[in-house]
Amino acid sequence: GHRVLLLESGGFRFDAAIQRLGDAAGQDPHHASMELTTRRQIGGASNLWGGRCVPYDPVDFLPREVTAGSRWPLSYSDLTPFFQRACEWCVCGDAVFDARRIPALADRQIVPGFIDDGVGATSLERWSLPTNFRRQYGKRLRRSPNLTLVTGVTCTEIVCRESGRDVDHLEIRSLDGKPATVRAVKYVIACGGVETTRLLFASKRTHSGGLGNHSGHLGRWYMGHVAARVAEVHFSTPPAATIYGYERDRDGVYVRRRFTFSSELQQARRLPNSAIWLVNPTLGDASHRNGCLSLVYLMLASPLGRFFIAEQIRRAHIDAAGATSIGSHVRNVGRDLLPTVRFALAFGYERFLRRGRKVPGFFFPSSSNTYPLEYHGEHLPSYESRIVPSAELDEVGMPRVRTHLRFAEDDIAGVRRAHECLDEALRREKVGRVRFFEDDIEAAVRRQLIRGGDHQAGTTRMSARPEDGVVDQDLAVHGFGDLYIASSSTFVTSGQANPTLMIVAFALRLADHLHRSLTAGHPAARPESRPAGAASS
């Protein structure tokens, strides 16, 4: 029932010139190009993602030694009421993330005899359609009587009143340089983990260090995730009984099991919160002698590869192999021609042609019951990991940012410790063991800590006290009653979870807060002509 003005830098179609507005300055050896990790377009990064939906865990909201005591100003229970609504917006089914709570899955274990004791194997990730928010909600954005969508304009500055405690207006500009101003009752900045912070840095007429930088935390605590493949698991159980791929719940939603670690075990072993799951052999390593895997590699390595998956994911698969022989892959395909053709037809239909829910990927069973392991863990918060404004300006006159993505020794050591805990659990139950690919695990992890920055968090961190962060528990910039941030940049820790579902959950919580505020009879809720909310994206 509130009038909302939504400003979007891009449009419904991708525009390379507008995308370049978000380029970073300089070269960060740990950070991927912004063009691979962000999208200035209606729907944002949902134009790029694969659809994985995972919530945070209760342990993420606890002060822990490994996170240097970083404290959220709210609790896990403050957010759980929004999980189901977030799942509905993401179209990923019920907010149930434990196989024991799904009758069709509850009686099965990842391998027979595995007991959840410190190390669990019932945690689930859910997969959306994959849901592209632009396609899913584009018509509703256009047709909503209370929402005005303006595309092709970039917010370049948040201008405060002389007091510096309230927003007076937004400065906006089109790519061809045409300026305009926007005034509203409430302002929500929803530009992503880096661009939100960049806009605050650029808004310094009344705040010399940038809006929200009252305590020096703006741009600090930059986090992503630690992803690595350093080991494989050998199960000693019957190969046919291993749950190695996707399952489906009663509504047909794809889910996948992961190994996770209890809060008690994390605290005792100084583990970052993390998840480990089974994966296929490296696509580009033709020694797998699998024609189907080789076919996928050849397709992704071809000029057509960028049409199949997001470019960042494609490059990760291609580059992981290092030097490889195209001829060896062709021979693998020829050797397995019939099953490879059957796979191509079946997967092509399920992934690209089938209406509705698409299969997220593919997995092949291992006759030896041996599977590589993918580690996905939280990036521990560090004050020195940051983004800063540079002297380089973009085409609309905003300073570009320079990223300094940093990983600590605990980030790297945590990978080893998590695999060791999994190995101990498997051996204790006599169901398998973990084998590292090489002796120097830490060196292997460091080699893989490149092209990070897919999941951008932490640069406008939430805090109970103004001196400890940028926004409060209601996502209002400390000291402001009309300026809010809806972004993973407000996250205090990064957890093991991909951030999309949690961004949506926080946005829903903020929407409820704004609704209560605007309908509480506050004088500012009854302007003569201003919209009730304005968002910059």
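The rules behind each value
Residues numbered from 1 in each chain as written. Predicted model: local features only at pLDDT ≥ 70, side-chain atom pairs only at ≥ 80, totals over all residues. Heavy atoms only, no water. Helix = DSSP H or I, 4+ residues; strand = E, 2+ residues; numbered from the N terminus. Rg over C-alpha atoms; globule rule 2.2 N^0.38 Å. Buried < 20%, exposed > 50% of the residue type's maximum accessible area, 1.4 Å probe, protein only. Contact = heavy atoms within 4.5 Å. Areas by Shrake-Rupley, 256 points an atom, 1.4 Å probe, with all protein chains shown as cover. Lys, Arg positive; Asp, Glu negative; His and termini not counted. Charge placed at Lys NZ, Arg CZ, Asp CG, Glu CD. Axes fitted to C-alpha atoms, helices over the stretch in contact; angles between N-to-C directions. Parallel < 35°, antiparallel > 145°, perpendicular 65-115°, else oblique. Left-handed = near helix turned anticlockwise from the far one by under 90°. Nonpolar A, V, L, I, M, F, W, Y, C, P; charged D, E, K, R; others polar. Disulfide = S-S within 2.5 Å. Pairing = 2+ DSSP bridges. Patch = residues over 30% accessible without salt bridge, like charges linked within 9 Å, V, L, I, M, F, W, Y side chains within 5 Å. Salt bridge = Lys/Arg side-chain N within 4 Å of Asp/Glu carboxyl O. Expected span 1.5 Å × (residues − 1).

### Details of the overall build of the chain
Then comes step 1: Of the regular secondary structure elements, the chain holds 14 helices and 18 strands.
Then comes step 2: A compact globule built from 537 residues should have a C-alpha radius of gyration of about 24 Å, and the chain, at 24 Å, falls within 12% of that.
Then comes step 3: Dimensions of the chain, computed from the C-alpha atoms along their principal axes, are close to 70 × 50 × 45 Å.
Then comes step 4: Classification of the 537 residues of the chain by burial places 56% in the buried group.
Then comes step 5: For the chain, contacts bridging at least 24 residues in sequence account for 74% of all contacts bridging at least 6.
Then comes step 6: With the model as given, the accessible surface of the chain reaches about 23200 Å², and the carbon-plus-sulfur share is 52%.
Then comes step 7: Charge centroids of the chain, computed over 69 positive and 58 negative side chains, lie 6 Å from each other.

### Examining the packing of helix α8 (residues 291-301) against helix α11 (residues 337-353)
Then comes step 1: Axis separation between α8 and α11 bottoms out at 8 Å; the angle between their running directions is 55 degrees. With respect to α11, the axis of α8 lies oblique. Pair α8 / α11 crosses with right-handed handedness. Contact with α8, carried on its side by G291, C292, L295 and V296, involves P339, T340, F343 and A344 of α11 and no other residues of that element.
Then comes step 2: Residue classes in the contact of α8 with α11 are distributed as six nonpolar, two polar and no charged.

### Observations concerning the state of the cysteines
Then comes step 1: Following the criterion strictly, the structure yields zero disulfides and no others.
Then comes step 2: There is no disulfide at C90, and the cysteine sulfur nearest it, in C53, is 4.5 Å away.
Then comes step 3: Classification of C90 as buried rests on a relative accessible area of 0%.
Then comes step 4: With no disulfide partner, C155 has as its closest neighbouring cysteine sulfur the one in C191, 6.8 Å distant.
Then comes step 5: Of the residues examined, C155 reaches a relative accessible area of 6% and is grouped as buried.

### What about the packing of helix α3 (residues 83-90) against helix α5 (residues 133-143)?
Then comes step 1: At a minimum axis distance of 10 Å, the contact between α3 and α5 shows a crossing angle of 90 degrees. As the angle between them shows, α3 and α5 are arranged roughly perpendicular. Here E88, W89 and C90 of α3 lie close against α5, whose contacting residues are F133, Y137 and R140.
Then comes step 2: Residues belonging to the contact of α3 with α5 are distributed by class as follows: four nonpolar, no polar and two charged.

### Structural notes on the sheet that holds strand β5 (residues 153-160)
Then comes step 1: Reading across the sheet, the three strands line up as β5-β6-β7 and stay open at both edges, with antiparallel pairing between neighbours. The two strands at the open ends of the sheet, each matched to only one other strand, are β5 and β7 (179-182). Direction aside, neighbouring strands of the sheet carry axes that sit 25 degrees apart on average.
Then comes step 2: The pairing of β5 with strand β6 (residues 167-174) spans seven bridges and is classified as antiparallel. Its bridge partner being in β6, V153 is matched across the sheet by S174.

### Things to note about unusual backbone geometry
Then comes step 1: Cis geometry is adopted by the peptide bond preceding P130, which originates at L129 and carries an omega value of 5 degrees.
Then comes step 2: Tracing the backbone shows P130 in the loop between β3 (119-127) and α5.
Then comes step 3: You will see that W221, though not glycine, has its phi angle at about 60 degrees, which is positive.
Then comes step 4: By the secondary structure assignment, W221 is in the loop between α6 (195-202) and β9 (225-235).
Then comes step 5: The phi angle at L475 is positive, at roughly 70 degrees, despite the residue not being glycine.
Then comes step 6: Among the secondary structure elements, L475 is positioned in the loop between α13 (441-448) and β17 (483-485).
Then comes step 7: For L475, a relative accessible area of 2% translates into the label buried.

### A closer look at a nonpolar patch on the surface
Then comes step 1: There is a patch of nonpolar side chains on the surface, built from L337, V341 and L345 and spanning about 290 Å² of accessible area.
Then comes step 2: In this fold, L337 is placed in helix α11.
Then comes step 3: Take L337: its relative accessible area is 48%, and that puts it in the partly exposed class.

### Observations regarding the pattern of salt bridges
Then comes step 1: Under the criterion given, the structure shown has 39 salt bridges.
Then comes step 2: R315 is the partner of E311 in a salt bridge, and the nearest nitrogen-oxygen pair spans 2.8 Å. Of the two residues, E311 and R315 both sit in helix α9 (residues 311-319), four residues apart, roughly one turn of that helix.
Then comes step 3: Here R428 ties to E429 by a salt bridge, and the two come within 3.8 Å at their closest N and O atoms.

### So, helix α12 (residues 409-428)
Then comes step 1: With 20 residues, α12 should reach 28 Å at 1.5 Å per residue; the first-to-last C-alpha distance of 28 Å fits that figure.
Then comes step 2: K430 lies just past α12 and shows a positive phi near 55 degrees.

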